[in-house]
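So the chains spell out like this:
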Amino acid sequence: MDYVVPPPERLPVIKKPKEKFRKLVKKPKEDSRIVIQKAQIRDVEEILELINGFAASNLMLPRGPQYLYENIRDFVIAVDANVPVYSMTATREVMNLIVACGSLHVLWEDIAEVRALAIHPDYQHLGLGSRIVEFMEEEARQLGIHKLFTFTMTEEFFKTLGFNKINRKDLPPKVWGECSRCPKYFQCDEVGMVLDL
Ligand SMILES: CC(C)(COP(=O)(O)OP(=O)(O)OC[C@H]1O[C@@H](n2cnc3c(N)ncnc32)[C@H](O)[C@@H]1OP(=O)(O)O)[C@@H](O)C(=O)NCCC(=O)NCCS
């Protein structure tokens, strides 16, 4: 196991996201058919765009293609089936627009972490974040995991899903692994939250 010291605790400073997103559509259509599904290799570039759009304003940990490819099986996406996107490859395959993502990373026999939850700004407050977390809760149950954990700046959102804030001293050492890769290590403004399944 990596040897990682927990980051020092700081008060949260919430910043408004900078407009780092490709404008997808003005607003999702009333009849938007949004489907939650497991990610595939072809989704990597769009997922990175979503995550790094928020990472640009320090709302999330930035990710690169290596992390995405290595952990693609952790990822869940939401696609708007009403907005076809044509692949740039010779096949001109019709794909769907990825409007949200999240990942479930198993940490140990009894705990998995919710990571990289990102909903495109045009699709927020439509229940997508909740649907993705619930999808991952079901995946965790099927794997035999009984506890979910997350580090977040959006405590209120996770509270609506039944997560509870947990004291840093009560967190298992395994959860600090990602912190060593985080640019906010010395100014950590996230809280740890857990959900018993
Ligand atoms: C936080 C985030 C994941 C929420 O996703 P969402 O799809 O908009 O959330 P939902 O529609 O499922 O919200 C359910 C409820 O949670 C609460 N909630 C959602 N976003 C919230 C926020 N930013 N702050 C406080 N409460 C929030 C609200 O009570 C909301 O109900 P309402 O829309 O009727 O007010 C999304 O805003 C996001 O991607 N933010 C930027 C990246 C980020 O912070 N990710 C989390 C990193 S762990």
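Structure shown above.
Since the structure is predicted, the reported quantities are computational estimates derived from the model, not experimental observations.

Cut-offs and rules
Residues numbered from 1 in each chain as written. Predicted model: local features only at pLDDT ≥ 70, side-chain atom pairs only at ≥ 80, totals over all residues. Heavy atoms only, no water. Buried < 20%, exposed > 50% of the residue type's maximum accessible area, 1.4 Å probe, protein only. Helix = DSSP H or I, 4+ residues; strand = E, 2+ residues; numbered from the N terminus. Pairing = 2+ DSSP bridges. Salt bridge = Lys/Arg side-chain N within 4 Å of Asp/Glu carboxyl O. Core = buried A, V, L, I, M, F, W, Y, C linked by side-chain atoms within 4.5 Å. Contact = heavy atoms within 4.5 Å.

Asker: Help me get a handle on the pairing of strand 7 (residues 191-196), residues and values and all.
Answerer: Taken across its 6 residues, strand 7 has 5 buried, putting it largely inside the fold. Of the pairings in the sheet, the one linking strand 6 (residues 164-166) to strand 7 comprises 3 bridges and is antiparallel in character. Within strand 7, the residue paired with Lys165 across the bridge is Met193.

Asker: Pulling in residues and values, what's your account of the pattern of salt bridges?
Answerer: Counted under the stated rule, the structure contains 14 salt bridges. Between Asp170 and Lys169 there is a salt bridge, with the nearest N and O atoms lying 3.7 Å from each other. On the basis of relative accessible area, Asp170 is assigned to the partly exposed category, the value being 45%. Judged by relative accessible area, which is 69%, Lys169 ranks as exposed.

Asker: I'd love a proper account of the nonpolar core, names of residues and values included.
Answerer: Note on soluble globular proteins: their nonpolar side chains tend to be buried together. By size, the foremost hydrophobic cluster in this structure holds 26 residues, and its most contacted members are Ala78, Leu128, Ile132, Leu148 and Phe163. Among the elements of the structure, strand 1 (34-38), strand 2 (75-86), strand 3 (94-108), strand 4 (111-119), helix 3 (128-143) and strand 7 are those that each provide at least two residues to this core. For this core, the leading source of residues is helix 3, giving 5 residues. Residue contacts for Ala78: discarding those within four places in its chain leaves Ile34, Val35, Ile36, Leu97, Ile98, Val99, Ala100, Leu128 and Ile132. Listed in part, the 18 residues of the second largest apolar core include Val44, Ile72, Val79 and Ala116.

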